[in-house]
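# Structural overview
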Amino acid sequence: MKVLDVLDGALAGRNPSDEDALSLMGAEDLPVLMSCAAALRDQGHGRNISYSRKVFIPLTQLCRDSCHYCTFAHPPRRGEKAYLGAEEVLAIARTGAAAGCREALFTLGDKPELRYSAARDELARLGHATTLSYLAAMAALVLRETGLLPHINAGVMTAAEIASLREVSVSQGLMLETASERLSRRGGPHFGSPDKAPALRLATIAAAGEAAVPFTSGILIGIGETREERIAALLALRALHERYGHLQEIIVQNFRAKPGTRMADAAEPDFTDHLWTVAIARIIFGPAMSIQAPPNLSSGALAQLIDAGIDDWGGVSPVTPDHVNPERPWPELDALARETAAAGKILVERLAIYPAFVRHTDRFLAKALRPAVVRAADAEGFARVDPWTPGAVTAPLPEKRGGLRRDVLTPILDRAAAGRELSEDALVTLFAARGDDFHAVCTAADALRRETCGDTVSYVVTRNINYTNICYFRCKFCAFSKGKLSENLRGRPYDLSIDEIQRRVVEAWERGAVEVCLQGGIHPDYTGATYLEICRAIKAAVPEIHIHAFSPLEIFQGAATIGTTPAEFLAELQAAGLGSLPGTAAEILDDEVRAIICPDKVTTAQWLEVVEAAHRLGLRTTATIMFGHVDTPRHWARHLRHLRALQGRTGGLTELVPLPFVPMETPIHLRGLCRLGPTYREAVLMHAVSRLALHGLIDNIQTSWVKMGEEGAAACLAAGANDLGGTLMNESITRAAGAMHGQEMPPEVMERVIGALGRRPVQRTTLYGEAPAPRVAASFGAAALAVPIDTPAKRYERSPA
């Protein structure tokens, strides 16, 4: 009864006490233990089973210890070097990089220079006093020359040694193996191995915690320990993790007897014993910890290890052997993916640093290492495996198939189809969809699109007029705005005159545009009167054209400059001819993110206040979400819930426009502080999840061709989107960030993309009415660009405030 109480408590979120954990050593009902462990794993990791694609670099196989089961370490051999040279290290690393590896695993014996003169002499020739000094140099070399992220298994270390290696590695590791001192006594497997003393190893793991190093540890079972001693070792590791929060995984490794060792004839633990220990480890550590079992050492079916609660296979190399267990080759990755899928899970690549730690690089990584990690990660902190980047011309990789998680997805999708609100956790679950889950989410979203909008795809003939790129705000994601005479690849500062704005409006109208979309930087000389003058000038030039203009930031700032409220200023703009507002400047409606990317911009509450005020006046607005930088799926979920609540109050949002972050020329990217935009999977999912989250309230989901490209836009139109946006004519903001999909998509191209999907194109107005018959030929063509979009009518000659 005690065991069942402990398991029930664990499932209810109460980690077992040390006493409760020790009571499990007599638990023999393996199916019950495994069922509990699997449920806990699913709570923390869902359907993902991760692995790291690594290259194994055995820097030295000399070691001062003499473990009775080890074939990795050996004494100096005549004619053999004690250490790999720099060129040998680089050759291995480059081979791994060419094969798509992201981790460089450095494994070596413990301080061989303390035992062997050959090690000391060779280190001296290499210019180093210690093995760890040479290791630090080689890790830095690999990182610099190949971009592989070093993970270091260097044995027992001092705090100073750990700190030194922290500067050149993203994670470190040391197996505790056992907490039993008796296994280090005469006759034990660790006798003659001073570095295997449990107290020393625990001290190293604690020092790594003090240094905030993402750390790997675990236990080795079947070397003579009892089940009580196994649990004691796990509890010792748990105590350190509870104190420091630095353990990223616990490995439960089974002993395999090796010929030529003193334990060659020792009995190996049977597979049920391995499963039992994996399950116990999961129950002790709970849902969040990663529990690993090396797949090449398993003596049974890999699916059963998954059933026992693991969520990680560890490092798997497509190019180098397991030098510690050379007789046990790594599984082939496609085969590992198939076996994982057969167990109802999906194989997901991670980095050497685990996702939970990627989300906190400011705490767990040396500053110089952070850019390489964030650029290699996706929004959840897993490896970014798709070379696609928003705005670039790289072809996307379609999402692979994998087992469907109907038990989790179906209730969420059913709730969305009924138009009911989805919780934050439910939305995060949808954003995590991979494999068949991804395809199920997209299919469900497309069904709702068909139900709501039919098989038409709308677009609007419009012209963008970005009247100035001068801005005194300092948004870190923006490559468009300029200060005084800033010279770079995107041109000089400019500020269009009223006459030039009017000329562009007339030209747009003559070529068939039904709207002009106006946005710009927050010019230090602009006041609310400037925006009023622009509206009046446009209506004076072309009374019939719809003015879609001014973000909530411009409204908020403009109102402040003339001493009025946003609502009062909006009423003045409406009287001057403003027809609707673009819902830009939203970025991510979560102040945690805004404090990083746009700290001086409007807050979430202020953005919502301006948009709601516009709706109360009868001014419709769009909504946007700019995602894929420092944000996470939880932030996306909060953003969508804000929009749903706003639309429930006002009904004034015409559409949602997901805007994948285009990073290439942005300040935050150039400083290495953000991801490379969303992955292709994430970008398509944003459209699908938005459709599901907003069903029944916001009918239109637009895809941005300028960010997604033709192929990506088509994928979004098959995943819940129903609108292709504007022809644009003069798109400049996304191009300034480095996008390469052009500055216009003429109607005939729009209709070709739409027709290829078997859908019917429809030209619309800004507010989703049917557009009047075209006044001119559909194509804008090169003639539409008679004046380059960044040609200033006047130059800005004053320094921004």
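Notes on the structure follow. (Residues numbered from 1 in each chain as written. Predicted model: local features only at pLDDT ≥ 70, side-chain atom pairs only at ≥ 80, totals over all residues. Heavy atoms only, no water.)

## Focus on the side chain of Asp 65
Along the chain, Asp 65 falls in the loop between strand 1 (48-60) and helix 4 (86-98). In this structure, Asp 65 is buried with no salt-bridge partner, the nearest side chain bearing the opposite charge being Arg 64 at 4.5 Å. Among the polar contacts made by the side chain of Asp 65, one reaches the main-chain amide nitrogen of Asp 195 at a distance of 3.2 Å. Not counting the four nearest positions on each side in its chain, Asp 65 is found in contact with Asp 110, Arg 115, Gly 192, Ser 193, Pro 194 and Asp 195. (Helix = DSSP H or I, 4+ residues; strand = E, 2+ residues; numbered from the N terminus. Buried < 20%, exposed > 50% of the residue type's maximum accessible area, 1.4 Å probe, protein only. Lys, Arg positive; Asp, Glu negative; His and termini not counted. Salt bridge = Lys/Arg side-chain N within 4 Å of Asp/Glu carboxyl O. Polar contact = N/O pair within 3.5 Å; in protein donor to acceptor, adjacent residues only side chain to side chain. Contact = heavy atoms within 4.5 Å.)

## Some words on the environment of Arg 616
Here Arg 616 shows up in helix 24 (residues 604-616). A relative accessible area of 54% places Arg 616 in the exposed class. When the C-alpha positions of Arg 616 and Ile 545 are compared, they lie 23 Å apart, and in sequence the two are 71 residues distant. Polar contacts involving the side chain of Arg 616 include one to the side chain of Glu 612, which spans 2.8 Å.

## So, helix 3 (residues 30-45)
With 16 residues, helix 3 extends 22 Å from end C-alpha to end C-alpha; this agrees with the ideal 22 Å at 1.5 Å per step. If you check which residues of helix 3 are buried, you get Leu 30, Leu 33, Met 34, Cys 36, Ala 37, Ala 38, Leu 40, Arg 41 and His 45. Next to the buried residues of helix 3 lie helix 1 (2-11), strand 1, helix 10 (271-285), strand 7 (290-292) and helix 11 (302-307). Gly 46 lies just past helix 3 and shows a positive phi near 60°. (Expected span 1.5 Å × (residues − 1).)

## With respect to the environment of Leu 578
Relative to the assigned elements, Leu 578 resides in strand 14 (residues 578-581). Owing to a relative accessible area of 4%, Leu 578 belongs among the buried residues under this scheme. Between the C-alpha atoms of Leu 578 and Glu 507, which are 71 residues apart in sequence, the distance is 19 Å. Setting aside its immediate chain neighbours within four residues, Leu 578 contacts Cys 535, Ile 547, Ala 549, Phe 550, Leu 573 and Leu 619.

## With respect to the sheet that holds strand 17 (residues 723-726)
Taken in spatial order, the three strands make up an open sheet running 17-10-18, and their pairing is parallel. At either margin of the open sheet sits one strand with a lone partner, and together these are strand 17 and strand 18 (760-764). The average undirected angle you get between the axes of adjacent strands in this sheet is 20°. Strand direction decides the pairing type here: strand 10 (residues 456-460) and strand 17, joined by two bridges, are parallel. Each bridged residue has a counterpart across the sheet, and for Ser 458 the counterpart in strand 17 is Asp 723. (Pairing = 2+ DSSP bridges. Axes fitted to C-alpha atoms, helices over the stretch in contact; angles between N-to-C directions.)

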